[in-house]
Amino acid sequence: MKKLILATVPVVLGFVNLNAQSVYDLRINEVMLTNKTNYIDSYGERSAWIEIVNTGYNSVNVAGCFLTNDISNPMKYRIPSADPITLIPQQQYLVFFANGKSVHGTLYLNFTLDSVNRFIALFAPDGRTLIDSTTLPIIEADKSFVRMPNGKGEWRISELATPNSTNELFETHVTTGEKFVKFDPYGFIMALTAMSVVFAALLVLYLLFKFTARLVQKPIRFQFRKPKQAKADVVEKKKEEIPGEVFAAISAALYFYETEKHDQESTVLTIERVSRRYSPWSSKLYSLQQPPNRIVVHRKLN
């Protein structure tokens, strides 16, 4: 029996240690100091409230931790451990009301927040380890003090309170122009951006017109060249069709004209093409002489 108890003790201590480590994922995420027309509790009352967020990726039980508005008294309010509402799921929220009426339930603190008491702190279950704390500035009624982003960012005053929900809703009410004014208050970046856009547009137009002009000019050049080439081909073709005899006749006529060996019709030049059949037998006939006449002598027989 003793061995069983001794074996169980380390397991329990390990579970307690694991639970104690997980509470360090808790953060104070949003606080409202003066609540006049904002969040209403289960009793229909309005009071200052504190939002705790679980930034981890596992459920964390805030039971046993301490909330206080006095750094010298870290264990001013101990969060009860018998209420299942103290289990905060991953990336979720839990709101506590600082109205000084802890008898109303687990989520109601035994202290208040006002323009004098503006400090809030969350301590681990040991009552000595500080998990998170903040001191609120003096802000107007119904405005909250939030972290952006949730549980990790810097504190800022928000016009929009977001109890039990993400503080990112605050960003939706900030216009793009307002963000840019904060980023570039003097307008230098805006001027450089505008000039860059204008010059880039002009460069694109220049390249576009230049490319278009080249495309338009190419067909015109081909249109002028094609007829010239076709005309030269026709002339060359005509030259090839004229036979050599014609050139010879023209040359002879010009020669006779220059040497005055031509007829009286000086203004008329007639060239007639004569075709003559040639045969070797006919040429020999022209060269033969007329045959001699035969003398027939009749001898008288005695």
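The structure displayed is predicted, hence computed values, not measured ones. (Residues numbered from 1 in each chain as written. Predicted model: local features only at pLDDT ≥ 70, side-chain atom pairs only at ≥ 80, totals over all residues. Heavy atoms only, no water.)

(A) Broad picture of the packing of aromatic side chains. All chains considered together, the criterion is met by five aromatic pairs. Measuring from ring centre to ring centre gives 5.5 Å for Y43 and Y108, while their planes differ by 75°; the resulting arrangement is edge-to-face. Here the residue Y43 occupies a position in the loop between β1 (26-32) and β2 (48-54), and Y108 occupies one in the loop between β7 (93-98) and β8 (119-123), the gap between them amounting to 65 residues. Between F97 and Y108, the ring centres sit 5.3 Å apart and the planes meet at 20°, which makes this aromatic pair stacked. In this pair, F97 sits in strand β7 while Y108 sits in the loop between β7 and β8, placing the two residues eleven residues apart along the sequence. (Phe/Tyr/Trp six-rings, centres within 6.5 Å; stacked < 30°, edge-to-face > 60°. Helix = DSSP H or I, 4+ residues; strand = E, 2+ residues; numbered from the N terminus.)

(B) Geometry of the nonpolar core. Grouped together as the largest cluster of nonpolar side chains are 34 residues, with contacts concentrated most on I52 and F96. Contributions of two or more residues to this core are made by β1, β2, β7 and β8. Once you skip the residues sitting within four places of it in the chain, F96 turns out to touch A48, W49, I50, I52, V62, L67, I79, T106, L107 and L109. (Core = buried A, V, L, I, M, F, W, Y, C linked by side-chain atoms within 4.5 Å. Buried < 20%, exposed > 50% of the residue type's maximum accessible area, 1.4 Å probe, protein only. Contact = heavy atoms within 4.5 Å.)

(C) A look at the pattern of salt bridges. Enumeration according to the criterion identifies four salt bridges in this entry. Here the residues in one salt-bridge network are E140, K143 and E159, joined through shared partners. (Salt bridge = Lys/Arg side-chain N within 4 Å of Asp/Glu carboxyl O.)

(D) Representation of the pairing of β1 within the structure. Along β1, six of the seven residues are buried, which leaves the element largely enclosed by surrounding structure. In this sheet, β2 lies alongside β1 in antiparallel orientation, the contact comprising six bridges. Across the sheet, L26 pairs through a bridge with N54, a residue of β2. Bridge analysis of β1 against strand β10 (residues 144-148) gives three bridges, and the strand direction is antiparallel. (Pairing = 2+ DSSP bridges.)

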